[in-house]
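A closer look at the structure
Here is how the chains run, residue by residue.
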Amino acid sequence: MAEKGNISIHTENIFPIIKKFLYSDHEIFLRELVSNAVDASQKLKRLSAIGEYKGELGDLKVKVAVDKEARTITVSDNGIGMTAEEIKKYINQIAFSGATEFVEKYKDKPDANQIIGHFGLGFYSSFMVADTVEIISQSYQENTTAAHWVCDGSTEFTISDTERAERGTDVILNIAADSEEFLEEARIQTILNKYCKFLPVPVEFKGEIINNPTPIWTKSPSELTDEDYKNFYKELYPFSEDPLFWIHLNVDYPFNLTGILYFPKLKNEFEFQKNKIQLYSRQVFITDEVKDVVPEFLMLLHGVIDSPDIPLNVSRSFLQADSNVKKINTYITKKVADKLAEIFKKERENFQDKWNDINIFVKYGMLSDDKFYEKAKDFALLQNIEGKYFTIDEYKDFIQANQKDKNDNLVILYTTDEDKQHAFVESAKDRSYDVLKLDTMIDSHFIGMLEQKLEKVTLKRVDAETVDKLIEKDETKESVLSEDEKTQLKEIYEKAINNTNMHVTIEPLSPQDQPVVITLPEFMRRMKDMSKTGGGGMMFMGNMPDTYNVSVNANHPINNRILSAQDDSKEKIAKQAFDLALLSQNMLTGPALTAFVKRSVELIEKD
Ligand SMILES: Nc1ncnc2c1ncn2[C@@H]1O[C@H](COP(=O)(O)OP(=O)(O)OP(=O)(O)O)[C@@H](O)[C@H]1O
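This one's a predicted model, so the numbers in the text were calculated from it and none came from an experiment.

Check the secondary structure of the protein chain and you find 19 helices and 22 strands. A burial count over the protein chain gives 37% of its 607 residues as buried. Considering only residue pairs separated by 6 or more positions, the protein chain has 70% of its internal contacts joining residues 24 or more positions apart.

In structure tokens, the structure reads:
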């Protein structure tokens, strides 16, 4: 006997509102229906395990079928099924009231669009793509009749007795005219691949099982080999190179979370591929935007996180404040730090080999998270230009004897480009100073942080000062020039250079040093670097002209020659010495370079 009925919900016309809300996310209807079918299968399994269900389980499977001619999509399972009474209870009341609640809660919220993508609207979401939805279901319970329910998304429904050969449920969607795209098998395949790839019950589409019901994150690490982890990585990201390391996450108290995080091999430092971590809830794909769940610096990692304890039906700001999410953040950070510490301790060589690939994560982490810094400071590596690796403490010991200045500060020297700063690197080497390579984009921030964290330590780029001033010792250098001669020399250079952004000083360098050395003060350059990478409110610095220091070596024979040269040659030689300094730093270009070449030819011709 057919029964007509009315679904008692408070909001009369919820359907158009939901449809509008979920506009960009219509495809999730399939995720919802397939997960319901999976749940129904698993419920039966559980009933069987506790002896409540004594029949055969058979081959539990979910089938998805598209019938383009009949304009239907059918999701079938052989799970617990529902009686007519249960359909009325679970679908008419629960599913519809869930939808009502959703609308009531979010209809006036300005950020509704952000919430709904993650909101499991359940069964009701099928009305986003269907005019009419039918359910044909046969309960697992003996002596029950199959039921056929039909509803068009309004508050009216019909339910009648029917027959179904086997236990289980078919949900049949009669696809609406504006949703015809979902009658394309290719589209359905794509959606299944996205959301259902790791569902725990086999899902069949076009005669093939489309999912892997036991992905490795659900297994115990002791059952798994390195190959298993690498193969799974390939399954997730088919065209990627092998990952460097991985971390198997597994916690069940105080929250439930499993997953595998991979350290990818980055091809270059700009390849910050975020949105590579996939978030699942009980093996159902939810999103690859894990922004609020995973600490920012770990978003560079790849892999999966599966947690039913991440609230998905709340707004972003709520998520950030959620105590579980905070705990998950802390847990993941700690796990990553512990894993790196372990590899460093057990396989230092291997860790060093991979440092180039992982240093960005580690530095980013140290910069953004104090707890991570505390752990990482013991395994973060510094590499010198000879290619040797040191931990921070090891490096401090290494340079202790030779690189302390007169105020007892340890001075760490570094280069960002060995070729361009070659002359300065050489001068530092002449003094037996060690020079670090700090040449990645994040290093300018990292350097600032090290200075803040380490006591009585300064970092200077090799070309920040003339070599004697880089590490100022307590010895006074003698100048062969008198005060008067120094003033004269300064004037000659200032005239020859004729640029107010070049600040000339006369300094008693060693006769072996260059006649002129041009430096950009550390502070100035650092501010500019930071403004380039968008740090610390230094944007205005980017627009300031560079102000260089031009150190004229009072003890170099050329500068003596300038003083005793003919008046008309003085400036020419000074200009030539200055241009040579520019040249050694790749700063001589355009007309200045042409003039330099011309002048050089003239000077050679003279001799
Ligand atoms: N294929 C099915 N077999 C058996 N019962 C089902 C099936 N689909 C839905 N149900 C029943 O209908 C109820 C309502 O489903 P609905 O998808 O709206 O909500 P839910 O699954 O409980 O929650 P969620 O919002 O997370 O999806 C389910 O709890 C389940 O009891």
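From this point, the narrative continues.
Here, the residues flagged by UniProt with the feature "binding site: ATP" (unreviewed entry) are Glu-32, Asn-36, Asp-77, Met-82, Ser-97, Gly-98, Thr-169 and Arg-316. As for its position among the elements, Thr-169 is in strand β7 (residues 168-175). Thr-169 gets classed as buried once you count the C-beta atoms within 10 Å, which come to 26. Beyond its immediate chain neighbours, meaning those up to four positions away, Thr-169 contacts Ala-37, Ala-40, Ser-76, Asp-77, Gly-79, Gly-81, Met-82, Ile-135 and Ser-137.

Before going further, it helps to examine the sheet that holds strand β2 (residues 62-67). Judged by pairing direction, the sheet is mixed, and its nine strands sit side by side in the order β1-β6-β5-β4-β7-β3-β2-β8-β9 without closing on themselves. Pairing within the sheet leaves two strands with one partner each, and these edge strands are β1 (3-6) and β9 (208-209). Across four bridges, the pairing between β1 and strand β6 (residues 156-162) is antiparallel. Bridge pairing links Glu-3 to Ile-159 in β6.

A separate point is the sheet that holds strand β13 (residues 284-287). Taken together, five strands build an open sheet; the order of strands is β10-β11-β14-β12-β13 and the sheet is mixed. Two strands bound the open sheet, and with one partner strand each, they are β10 (245-251) and β13. Strand-to-strand, the axes of this sheet are offset by a mean angle of 20°, without reference to chain direction. For strand β12 (residues 277-281) and strand β14 (residues 302-306), the ladder comprises four bridges, and the chain directions are parallel.

Turning our eyes to something else, we now look at helix α8 (residues 323-346). Under the 1.5 Å per step criterion, the end-to-end length of α8 is 34 Å for 24 residues, consistent within 8% with the ideal 34 Å. Within α8, burial applies to Val-325, Ile-328, Ile-332, Thr-333, Val-336, Ala-337 and Leu-340.

This next bit is on the packing of helix α9 (residues 348-368) against helix α13 (residues 443-453). Following both chains from N to C, one finds α9 and α13 inclined at 50°, their axes separated by 10 Å at the closest point. Looking at the two axes, α9 sits oblique to α13. In the packing of α9 onto α13, the handedness of the crossing is left-handed. In this structure, α9 contributes Lys-363, Met-366 and Leu-367 to the contact, and α13 contributes His-445, Phe-446 and Met-449. Residue composition of the contact of α9 with α13, grouped by class: four nonpolar, one polar and one charged.

Burial along strand β21 (residues 516-519) is two-sided: Val-516 and Ile-518 facing one way and Val-517 and Thr-519 facing the other are all buried. As defined by bridge partners, β21 adjoins strand β22 (residues 548-553) across four bridges and the pair is classed as antiparallel. Residue pairing for β22: Ile-518 is matched across the bridge by Val-550.

Moving on, we get to the packing of helix α18 (residues 567-584) against helix α19 (residues 590-606). Interhelical geometry of α18 versus α19 gives an angle of 125° and a closest axis separation of 11 Å. The angle between the axes of α18 and α19 places the two elements in the oblique class. Remark: the crossing between α18 and α19 carries left-handed chirality. When α18 is examined against α19, the residues Lys-572, Gln-576 and Asp-579 are found in contact with a partner set consisting of Ala-592, Phe-596, Arg-599 and Leu-603.

Counting residues in hydrophobic clusters, the biggest one holds 120 residues, and the most contacted among them are Val-34, Val-203 and Ile-260. Among all residues touching Ile-260, those that are not within four sequence positions of it are Ile-216, Trp-217, Tyr-229, Phe-232, Trp-246, Ile-247, His-248, Leu-249, Gly-303 and Val-304. Residues Ile-518, Tyr-548, Ala-581 and Leu-582 belong to the second largest nonpolar core, which totals 21 residues.

Mapped onto the fold, Val-552 is located in strand β22. Under the C-beta neighbour-count criterion, Val-552 is labelled buried, with 27 such atoms within 10 Å. Sequence-wise, Val-552 and Leu-236 are 316 residues apart; in three dimensions their C-alpha atoms are separated by 60 Å.

This paragraph deals with the confidence of the model for the protein chain. Looking at the protein chain as a whole, the pLDDT averages 87, with 87% of positions reaching at least 70. Confidence metrics for the complex model read pTM 0.78 and ipTM 0.97.

With respect to the element layout, Arg-187 can be found in helix α5 (residues 185-195). Spatially, the C-alpha atom of Arg-187 lies 9.3 Å from that of Glu-27, the residues being 160 residues apart in sequence. The contact partners of Arg-187, leaving out residues within four places of it in the chain, are Glu-181 and Phe-182.

Glycine aside, residues mostly have negative phi, and peptide bonds are mostly found in the trans state. In the segment running from Tyr-253 into Pro-254, the intervening peptide bond is cis, with an omega of 5°. With respect to the helices, strands and loops of the structure, Pro-254 is situated in the loop between β10 and β11 (257-263). Notably, Asn-143 is not glycine yet its phi reads approximately 60°, a positive angle. Mapped onto the elements of the fold, Asn-143 is located in the loop between β4 (130-138) and β5 (146-151). Overall, Asn-143 belongs to the exposed group, with 5 C-beta atoms counted inside 10 Å. Of note, Ser-432 is a non-glycine position whose phi angle comes to about 65°, a positive value. Relative to the helices and strands, Ser-432 is located in the loop between α12 (422-430) and β18 (435-437).

Our focus in this paragraph is the environment of Glu-507. In this fold, Glu-507 is placed in strand β20 (residues 502-507). In this structure Glu-507 touches Thr-466, Ser-551, Val-552, Asn-553 and Ala-554, once residues within four positions along its chain are discounted.

What counts and how
- Residues numbered from 1 in each chain as written.
- Predicted model: local features only at pLDDT ≥ 70, side-chain atom pairs only at ≥ 80, totals over all residues.
- Helix = DSSP H or I, 4+ residues; strand = E, 2+ residues; numbered from the N terminus.
- Buried ≥ 20, exposed ≤ 12 C-beta atoms within 10 Å, placed from the backbone.
- Contact = placed C-beta atoms within 7 Å.
- UniProt positions renumbered as here; feature names shortened; annotations may be inferred.
- Pairing = 2+ DSSP bridges.
- Axes fitted to C-alpha atoms, helices over the stretch in contact; angles between N-to-C directions.
- Expected span 1.5 Å × (residues − 1).
- Parallel < 35°, antiparallel > 145°, perpendicular 65-115°, else oblique.
- Left-handed = near helix turned anticlockwise from the far one by under 90°.
- Nonpolar A, V, L, I, M, F, W, Y, C, P; charged D, E, K, R; others polar.
- Core = buried A, V, L, I, M, F, W, Y, C linked by C-beta atoms within 7 Å.
- pLDDT = per-residue confidence, 0-100.

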